Amino acid sequence: MDATFATGKELQKMDPVFGQLSFDDHEQIVFCNDKDTGLKAIIGIHNSVMGPALGGTRMWNYNTEWEALNDVLRLSRGMTYKSAITGLNIGGGKAVIIGDAKTQKTPELMRKFGEFVHSLGGRYITAEDVGMETKDMDTVRDVTPYVTGISEERGGSGNPSPITAYGVYLGMKAAAKSQFGTDVLEGKKVLVQGIGHVGEALVEYLTKEGAIVTITDINEEKLYQVASKYNASIYSGEDLYTADVDIYAPCAMGAIINDATVDKIKAKVIAGAANNQLADENIHGARLQERGILYAPDFLINAGGIINVYAELEHYGKAEIMTKTENIYNTTLEIIDYAVKNGMTTHKAALTIAQNRIDLRRIENAKK
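Values in this document were obtained by computation on a predicted structure and should not be read as measured data.

**Quick notes on the overall build of the protein chain**
Here's step 1: Within the protein chain one finds eleven helices and 14 strands.
Here's step 2: What you see for the protein chain is a C-alpha radius of gyration of 20 Å, in line with the 21 Å of a compact globule of 368 residues.
Here's step 3: In terms of its C-alpha atoms, the protein chain occupies a principal-axis envelope of roughly 50 × 45 × 45 Å.
Here's step 4: Scored against the burial criterion, the 368 residues of the protein chain give a buried share of 54%.
Here's step 5: The contacts in the protein chain between residues at least 6 apart in sequence include a share of 65% that link residues at least 24 apart.
Here's step 6: Surface accessibility of the protein chain: about 16400 Å² in total, with carbon and sulfur atoms responsible for 48%.

If you want it as structure tokens, here you go:
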């Protein structure tokens, strides 16, 4: 049976899976179901040319299963390019568990999910994402070795969120240098949307540098807690996209730069931790460029987390993690320069460089 999906301003009829715009030549999609634990999950393996697919597991209360499928497809594709642009020899994958992480997540459900991961024999390696904690990865580790981001007590790299935030912070500084002529964020007005693990850590980095930070989140209790802790302002306007700020940092869910928001944004730099911020990479990326807004590609500047968990596979320590994460600053500047020289958006520039690396590896693999 066909399904109908909204794409831009039109409705387009597509095949349920292979016809999805976000399918983009995925190698494998695994649907996981377990009646006893209530587990309903989808694992997406986008590309394994560079190595086994590595990417976190997100637990979210999706409105529909199609929404969950589209999310895992977009996320796993993003992981392919995130690893490639960062120089990691790992492929792209992701998993989503459908449900409320606060009320439906149990150790039994996580172990059952781990069994599904294990059944793939290492083609997919999981990690922590939205709705997950380090302790959940420890539970998955009880049944499979194909998991990263486990606790330091168990030999892992621990919570990747602070490293992710550090990379976003450095990517933001690089974008600021290109847009404003300086990477000093002191006095710059920054709006952080979403103050989960990564967003809060980003607020801390910004506050320490003297940025004027405004925050927003759907969790009011967390909002007031973080505002008090870092002396940040809480956004009180009706439409956050029209906020009078220098930098907008989306750190919640994706597709927030879309037809309804792209022309409202007043910030001159967009640099945040959320995955897949552009609802349509081509249309909305080009529109931001036309409006003189510099977009720091999300899959580049939020790569600190994957660098952190990749360390468990390659057995390197904190010093190497920090060195690789700090290189996000230089890579961001290189991509901005590449985009200018080649007359393309920063997002397209990042995708092009990442795809070139994947294509080169594919040729090398074919020669072996």
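**Here's the deal with the nonpolar core**
Here's step 1: In this structure, M172, V192, L202, L206 and I215 are the most contacted members of the largest nonpolar core, which totals 68 residues.
Here's step 2: For I215, the residues in contact, after removing those within four places along its chain, are L191, V192, I195, V203, L223, V226, A227, A232, S233, I234 and Y235.
Here's step 3: Counting residues in hydrophobic clusters, the runner-up holds 21 residues, among them C32, L39, M137 and V140.

**Describing the side chain of D129**
Here's step 1: Checked against the element boundaries, D129 lands in the loop between β8 (124-125) and α3 (134-141).
Here's step 2: There is a polar contact of 2.7 Å between the side chain of D129 and the side chain of K94.
Here's step 3: Other than its neighbours up to four places away in sequence, D129 contacts G56, T57, R58, K94 and N275.

**Quick notes on the packing of aromatic side chains**
Here's step 1: The full count for this structure, using the stated rule, is five aromatic pairs.
Here's step 2: Relative to Y205, the ring of Y166 has its centre 5.4 Å away and its plane inclined at 35 degrees; by these criteria the two rings are tilted. Here Y205 lies in helix α5 (residues 197-209) and Y166 lies in helix α4 (residues 161-180), a separation of 39 residues in the sequence.
Here's step 3: A relative accessible area of 14% means that Y166 is categorised as buried.
Here's step 4: On the basis of an interplanar angle of 85 degrees and a centroid distance of 6.0 Å, the ring pair of Y241 and Y248 is categorised as edge-to-face.
Here's step 5: By relative accessible area, Y241 is classed as buried at 15%.
Here's step 6: Residue classification places Y248 among the buried positions, given a relative accessible area of 3%.
Here's step 7: One aromatic cluster is present, formed by Y166, Y169 and Y205 through successive ring pairs.
Here's step 8: Looking at K188, its charged tip hangs above the ring of F180, at a distance of 5.0 Å from the centre.
Here's step 9: Residue placement shows K324 over the ring face of Y316; its charged tip is 5.5 Å from the ring centre.

**What to know about unusual backbone geometry**
Here's step 1: Phi is positive for N231, which is not a glycine, with a value near 55 degrees.
Here's step 2: Relative to the helices and strands, N231 is located in the loop between α6 (220-230) and β11 (233-234).

**A short note on the packing of helix α10 (residues 318-342) against helix α11 (residues 346-367)**
Here's step 1: It is the contact of α10 with α11, at a shortest axis distance of 8 Å, that shows an interaxial angle of 105 degrees. When the interaxial angle is binned, α10 and α11 end up roughly perpendicular. Where α10 approaches α11, its residues I335, I336, Y338 and A339 are matched on the opposing element by T346, A349, A350, T352 and I353.
Here's step 2: Partitioned by chemical class, the residues of the contact of α10 with α11 number seven nonpolar, two polar and no charged.

**Things to note about the UniProt feature "active site" (unreviewed entry) in the protein chain**
Here's step 1: The feature "active site" (unreviewed entry), as annotated in UniProt, sits at K94 in this numbering.
Here's step 2: Of note, K94 is situated in strand β7 (residues 91-98).
Here's step 3: With residues near it in sequence (within four places) discarded, K94 still touches I42, I43, G44, G55, G56, V72, L75, S76, M79, Y124, D129 and N275.

**Focus: the side chain of T325**
Here's step 1: Relative to the helices and strands, T325 is located in helix α10.
Here's step 2: Among residues more than four places away in sequence, those in contact with T325 are I163, Y166, G167, L170, G304 and I307.

**Comments concerning the sheet that holds strand β14 (residues 294-295)**
Hydrogen bonds along the backbone pair up the strands of a sheet, which may run parallel or antiparallel.
Here's step 1: Taken in spatial order, the six strands make up an open sheet running β11-β10-β9-β12-β13-β14, and their pairing is parallel. Looking at which strands have only one partner, the edges of the open sheet turn out to be β11 and β14.
Here's step 2: As paired strands, strand β9 (residues 189-193) and strand β12 (residues 247-250) are joined by four bridges and run parallel to one another. Bridge pairing in β12 places L191 opposite Y248.

**Topic: the pairing of β9**
Here's step 1: Across the five residues that make up β9, a large majority, four, are buried.
Here's step 2: In the sheet, β9 pairs with strand β10 (residues 212-216) via five bridges, with the strands oriented parallel. For Q193, the partnering residue across the bridge sits in β10 and is T216.
Here's step 3: Where the polypeptide runs from β9 across α5 and back to β10, its parallel neighbour, the crossover connection is right-handed.

**Some details on α5**
Helical geometry note: an α-helix holds 3.6 residues per turn, so side chains three or four residues apart project in the same direction.
Here's step 1: With 13 residues, α5 should cover 18 Å at 1.5 Å per step; its first-to-last C-alpha distance of 19 Å lies within 8% of that length.
Here's step 2: On the buried face of α5, the contacting elements are α4, β9, β10, α6 and β12.
Here's step 3: At the exit of α5 stands G210, carrying a positive phi of roughly 95 degrees.

Rules of the game
- Starting afresh in each chain, residues are numbered from 1 along the sequence in its written order.
- Since the coordinates come from a predicted model, pLDDT governs what is reported: local features require at least 70, and pairs of side-chain atoms require 80 or more to be given and counted, while whole-chain, interface and lining totals use all residues.
- Remark: hydrogens and water are excluded; side-chain values derive from all non-hydrogen atoms of the structure.
- The numbering of helices and of strands both runs from the N terminus, where a helix is a DSSP run of H or I of at least 4 residues and a strand a run of E of at least 2.
- Radius of gyration: C-alpha atoms only; globule rule: 2.2 Å multiplied by the number of residues to the exponent 0.38.
- Burial classes follow relative accessibility: with a 1.4 Å probe on protein chains only, a residue under 20% of its type's maximum area counts as buried, one over 50% as exposed, and anything between as partly exposed.
- Every residue pair with non-hydrogen atoms within 4.5 Å of one another is taken to be in contact.
- The Shrake-Rupley method, run with a 1.4 Å probe sphere, supplies the accessible areas, and residue values consider only the shown protein chains as cover.
- The nonpolar core is taken to be a set of buried Ala, Val, Leu, Ile, Met, Phe, Trp, Tyr and Cys residues, with the residues joined through side-chain atoms within 4.5 Å.
- Definition of a polar contact: a pair of N or O atoms within 3.5 Å, with one able to donate and the other able to accept a hydrogen when the atoms are protein atoms, and with sequence-neighbouring residues admitted only if both atoms are side-chain atoms.
- Aromatic rings from Phe, Tyr and Trp, taking only the six-membered ring of Trp, are treated as a pair when their centres fall within 6.5 Å; an angle between ring planes under 30 degrees marks them as stacked, one over 60 as edge-to-face, and anything in between as tilted.
- Lysine NZ or arginine CZ positioned within 6 Å of the ring centre and within 35 degrees of the ring normal marks a charge as sitting over the ring.
- Structural elements are reduced to axes, namely lines fitted to C-alpha atoms, with helices fitted over the stretch in contact, and the angle between N-to-C directions of any two is expressed from 0 to 180 degrees.
- Each angle gets one of four labels, with under 35 degrees taken as roughly parallel, over 145 as roughly antiparallel, 65 to 115 as roughly perpendicular, and the rest as oblique.
- Only Asp, Glu, Lys and Arg are considered charged, only Ala, Val, Leu, Ile, Met, Phe, Trp, Tyr, Cys and Pro nonpolar, and every remaining residue, Gly among them, polar.
- UniProt positions are given in the numbering used here, feature names are shortened, and annotations may be inferred rather than shown by experiment.
- Two strands qualify as a pair provided DSSP detects at least 2 bridges between them.
- Assignment of crossover handedness uses the view with strands pointing away from the viewer, where a clockwise path from the first strand over the helix to the second indicates a right-handed crossover.
- One less than the number of residues in a helix, times 1.5 Å, gives the span that helix is expected to have.

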